[in-house]
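Structural overview
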Amino acid sequence: MKKIIISIVWMSIVYLPCFLIFCEGGYSLLSFIGIDNGPYLVNLIGLLYSAFLLKYHRLLIPDWMQKTVDNLVREDRVSNLD
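Conventions we followed
- Residues numbered from 1 in each chain as written.
- Predicted model: local features only at pLDDT ≥ 70, side-chain atom pairs only at ≥ 80, totals over all residues.
- Heavy atoms only, no water.
- Helix = DSSP H or I, 4+ residues; strand = E, 2+ residues; numbered from the N terminus.
- Polar contact = N/O pair within 3.5 Å; in protein donor to acceptor, adjacent residues only side chain to side chain.
- Contact = heavy atoms within 4.5 Å.
- Axes fitted to C-alpha atoms, helices over the stretch in contact; angles between N-to-C directions.
- Nonpolar A, V, L, I, M, F, W, Y, C, P; charged D, E, K, R; others polar.
- Patch = residues over 30% accessible without salt bridge, like charges linked within 9 Å, V, L, I, M, F, W, Y side chains within 5 Å.
- Areas by Shrake-Rupley, 256 points an atom, 1.4 Å probe, with all protein chains shown as cover.
- Salt bridge = Lys/Arg side-chain N within 4 Å of Asp/Glu carboxyl O.
- Phe/Tyr/Trp six-rings, centres within 6.5 Å; stacked < 30°, edge-to-face > 60°.
- Buried < 20%, exposed > 50% of the residue type's maximum accessible area, 1.4 Å probe, protein only.

Structural notes on the environment of Leu 47
- Within the secondary structure, Leu 47 sits in helix α2 (residues 41-60).
- In sequence terms Leu 47 and Phe 19 are 28 residues apart; their C-alpha atoms lie 9.1 Å from each other.

Quick word on the side chain of Asn 43
- Topologically, Asn 43 is positioned in helix α2.
- In terms of polar contacts, Asn 43 uses its side chain to reach the backbone carbonyl oxygen of Leu 20, at 3.4 Å.

Focus: the side chain of Thr 68
- Following the sequence through the fold, Thr 68 ends up in helix α3 (residues 63-81).
- Sequence-distant contacts of Thr 68, that is, excluding residues within four places in its chain, are made with Lys 3, Ile 4 and Ser 7.

Some points on the packing of helix α1 (residues 2-15) against α2
- Two numbers describe how α1 lies on α2: the axes approach to 11 Å, and their chain directions differ by 145°. Counted together, Trp 10, Val 14 and Tyr 15 of α1 and Tyr 49, Leu 53 and Leu 60 of α2 form the full contact between these two elements.
- In terms of residue class, the contact of α1 with α2 is made up of 6 nonpolar, no polar and no charged.

Re a nonpolar patch on the surface
- A cluster of nonpolar side chains, Met 1, Ile 5, Val 9, Trp 10 and Ile 13, forms an exposed patch at the surface whose accessible area comes to about 540 Å².
- With respect to the secondary-structure elements, Ile 5 resides in helix α1.

Description of the packing of aromatic side chains
- Applying the stated criterion across every chain, the model contains 1 aromatic pair.
- Ring centres of Phe 52 and Tyr 56 lie 5.4 Å apart, and the angle between their planes is 45°; on these two criteria the pair is classed as tilted. On the criterion of helical spacing, the pair formed by Phe 52 and Tyr 56 is a turn pair, its members being 4 residues apart in helix α2.
- Residue Phe 52 is classed as partly exposed on the basis of its relative accessible area, which comes to 35%.

Some words on the environment of Leu 54
- Counting through the fold element by element, Leu 54 comes out in helix α2.
- C-alpha separation for the pair Leu 54 and Phe 19, spaced 35 residues apart in sequence, amounts to 14 Å.

Structure follows, in structure tokens:
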């Protein structure tokens with residue numbers, strides 16, 4: 001049970017910065033040409049972090065955590081099909 005809780009909390013913390021893609025505010029990347037409603041620096045950071053996670057997810061998420069969360073998702077999927 002401890003492994004499950006630790007896995008879910010860690011995965012939530014690791015994936016939380018990916019939501020920066022949907023944020024607004026901060027410094028606009030296109031403000032130097034007069035466009036203030038363009039992409040923001042926060043969006044760029046979120047995209048870069050997401051790309052980093054896609055490429056190097058094994059650095060931040062150990063295999064045992066991936067298997068624990070995968071088993072939870074598969075159990076939920078099977079119970080929904082019944």
